[in-house]
Amino acid sequence: QVQLVESGGGLVQPGGSLRLSCAASGFTFSRFAMSWYRQAPGKERELVASITDTGGTTAYADSVKGRFTISRDNPRNTVYLQMNSLKPDDTAIYYCHARYRAWTKDYWGQGTQVTVSS
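The following paragraphs examine the structure supplied in this document. Nothing here was measured: the structure is a model prediction, and the numbers come from that model.

Reading the values: the criteria
- Residues numbered from 1 in each chain as written.
- Predicted model: local features only at pLDDT ≥ 70, side-chain atom pairs only at ≥ 80, totals over all residues.
- Heavy atoms only, no water.
- Helix = DSSP H or I, 4+ residues; strand = E, 2+ residues; numbered from the N terminus.
- Buried < 20%, exposed > 50% of the residue type's maximum accessible area, 1.4 Å probe, protein only.
- Contact = heavy atoms within 4.5 Å.
- Core = buried A, V, L, I, M, F, W, Y, C linked by side-chain atoms within 4.5 Å.
- Disulfide = S-S within 2.5 Å.
- Phe/Tyr/Trp six-rings, centres within 6.5 Å; stacked < 30°, edge-to-face > 60°.

**Regarding the environment of Asn 77**
Right, on to step 1. Turning to its location among the elements, Asn 77 is positioned in the loop between strand S7 (68-73) and strand S8 (78-83).
Right, on to step 2. Accessibility expressed as a relative area gives 25% for Asn 77, which makes it partly exposed.
Right, on to step 3. Distance in space between the C-alpha atoms of Asn 77 and Leu 4 is 9.8 Å, their sequence separation being 73 residues.
Right, on to step 4. Setting aside chain neighbours within four positions, we find Asn 77 in contact with Cys 22, Ala 23, Ala 24 and Phe 29.

**Describing the nonpolar core**
Right, on to step 1. Core analysis: the biggest nonpolar cluster contains 28 residues, and Met 34, Trp 36, Val 79, Leu 81, Met 83 and Tyr 94 have the highest contact counts within it.
Right, on to step 2. Of all elements in the fold, only strand S3 (18-25), strand S4 (33-39), strand S5 (46-51), S7, S8, strand S9 (92-99) and strand S11 (112-116) reach the threshold of two or more residues within this core.
Right, on to step 3. Once residues lying within four places of it in the same chain are set aside, the contact partners of Met 83 are Gly 16, Ser 17, Leu 18, Leu 20, Arg 67, Phe 68, Tyr 94 and Val 114.

**Comments concerning the state of the cysteines**
Right, on to step 1. In this structure the tally under the stated criterion is one disulfide.
Right, on to step 2. The disulfide partner of Cys 22 is Cys 96, and the S-S distance across this bridge is 2.1 Å. One disulfide, between Cys 22 and Cys 96, carries an S-S torsion of -85° and so falls in the left-handed class. Taken together, the residues span a long stretch of sequence, with Cys 22 in strand S3 and Cys 96 in strand S9 at a distance of 74 residues. Each member of the pair, Cys 22 as well as Cys 96, carries the same accessibility label: buried.

**Here we look at the packing of aromatic side chains**
Any pair of aromatic rings gets described here by the distance separating the centres and the angle formed by the planes.
Right, on to step 1. With the rule as written, the count across this model stands at seven aromatic pairs.
Right, on to step 2. Between the aromatic rings of Phe 27 and Tyr 107, the centroid separation amounts to 5.2 Å while the plane-to-plane angle is 40°, which identifies the pairing as tilted. Residue Phe 27 is located in the loop between S3 and S4, and its partner Tyr 107 is located in strand S10 (residues 106-108); the two are separated by 80 residues in the primary sequence.
Right, on to step 3. Looking at Phe 27, the relative accessible area reads 14%, which means it is buried.

Listed below in structure tokens is the structure:
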């Protein structure tokens, strides 16, 4: 049974920080690229950040570049998203995604709500 369980979401003021975690189980985590997506109300889901299986390469959406950092701890089967300088436009449900090479396998978490508001 594959599981991706997000945590760390919540309410934060503009300019604040949150650290999201995604705990993986039921598959060989170290062989999967990991990503964070988000979906705001009434908007399409968008890719926020991604990291390769070994953590050697990362990529970010332009809207979060310089503010967010994705990282992973393969021995702990966990991927993180450090979010700094948060803006109201960052408000969304954030989803963890796992992808095996050539998209032969992929898995989604249930999401965690991030709300940025004063």
